[in-house]
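Fold and geometry: a report
Chain by chain, the residues:
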Amino acid sequence: MRNLPAFTAIALVTACTAPQAERQIVGEVSFAANTYPIRAANADGTVWQVMVDGKPVTCLKPTQEDCYWSLRNHLTAQELLDDLPG
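What you see is a predicted model; the values in this text were computed from it and never measured. (Residues numbered from 1 in each chain as written. Predicted model: local features only at pLDDT ≥ 70, side-chain atom pairs only at ≥ 80, totals over all residues. Heavy atoms only, no water.)

Turning to the packing of aromatic side chains, a few remarks are in order. Summed over the entire model, instances satisfying the criterion amount to two aromatic pairs. Aromatic pair Phe31 and Tyr68: ring centres 6.2 Å apart, planes at 75°, arrangement edge-to-face. In this pair, Phe31 is assigned in strand β1 (residues 25-31) and Tyr68 in helix α2 (residues 64-83), connecting sequence segments 37 residues apart. According to the relative accessible area criterion, Phe31 is partly exposed, its value standing at 25%. Tyr68 sits in the partly exposed class, given a relative accessible area of 23%. Seen from their ring centres, Tyr68 and Trp69 are 5.0 Å apart, and the 85° between their planes marks the pair as edge-to-face. (Phe/Tyr/Trp six-rings, centres within 6.5 Å; stacked < 30°, edge-to-face > 60°. Helix = DSSP H or I, 4+ residues; strand = E, 2+ residues; numbered from the N terminus. Buried < 20%, exposed > 50% of the residue type's maximum accessible area, 1.4 Å probe, protein only.)

Below, the structure is given as structure tokens:
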């Protein structure tokens, strides 16, 4: 990336960090009395993400069921990390 002009590097960083709120909502998933939006992570909609506390959790496949299980696994992992002594 050293050879790229500064404006090109800035454009690449900006494109990669586009706000998730601007992504197309393709559905939602519910767990533990909470509902989470599912957004397309790319332009052609072949990658989906569940938004958890404003952060994306990538779904294994672009299906509602896979997003549900990705969400469950993410929340379980977060809960286990919170329980670690430290």
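Structure shown, so let's carry the discussion forward.
Moving on, we get to the nonpolar core. Counting residues in hydrophobic clusters, the biggest one holds 10 residues: Val29, Tyr36, Ile38, Trp48, Val50, Val52, Val57, Cys59, Cys67 and Leu71. Of all the elements in the fold, those that place two or more residues in this core are β2 (34-40), β3 (48-52) and α2. Top contributing element to this core by residue count: β3, with three residues. For Leu71, the residues in contact, after removing those within four places along its chain, are Val29, Phe31, Tyr36, Val50 and Val52. (Core = buried A, V, L, I, M, F, W, Y, C linked by side-chain atoms within 4.5 Å. Contact = heavy atoms within 4.5 Å.)

The subject of this paragraph is the pairing of β3. For a regular strand, side-chain orientation follows a simple rule: the groups alternate between the two sheet faces. In terms of burial, β3 is a largely internal element, five of the five residues being buried. Taking every second residue as pointing to the same face, both faces of β3 are buried, with Trp48, Val50 and Val52 on one and Gln49 and Met51 on the other. Alignment of β2 against β3, held across three bridges, turns out to be antiparallel. Within the sheet, the bridge partner assigned to Ile38 lies in β3 and is Val50. (Pairing = 2+ DSSP bridges.)

This part is about α2. In this model, α2 (20 residues) spans 29 Å end to end at C-alpha, consistent with the 28 Å of a helix rising 1.5 Å per residue. Every buried residue belonging to α2 is among Asp66, Cys67, Ser70 and Leu71, and all of these are buried. Angularly, the buried residues of α2 cover 140° about the axis, an arc narrow enough to put them on a single face. Of the exposed residues in α2, those oriented more than 90 degrees away from the buried face are Glu65, Asn73, Glu79, Leu80 and Asp83. In this fold, the buried residues of α2 make contact with β1, β2, β3 and β4 (55-58). (Expected span 1.5 Å × (residues − 1). Arc of directions from axis to C-beta.)

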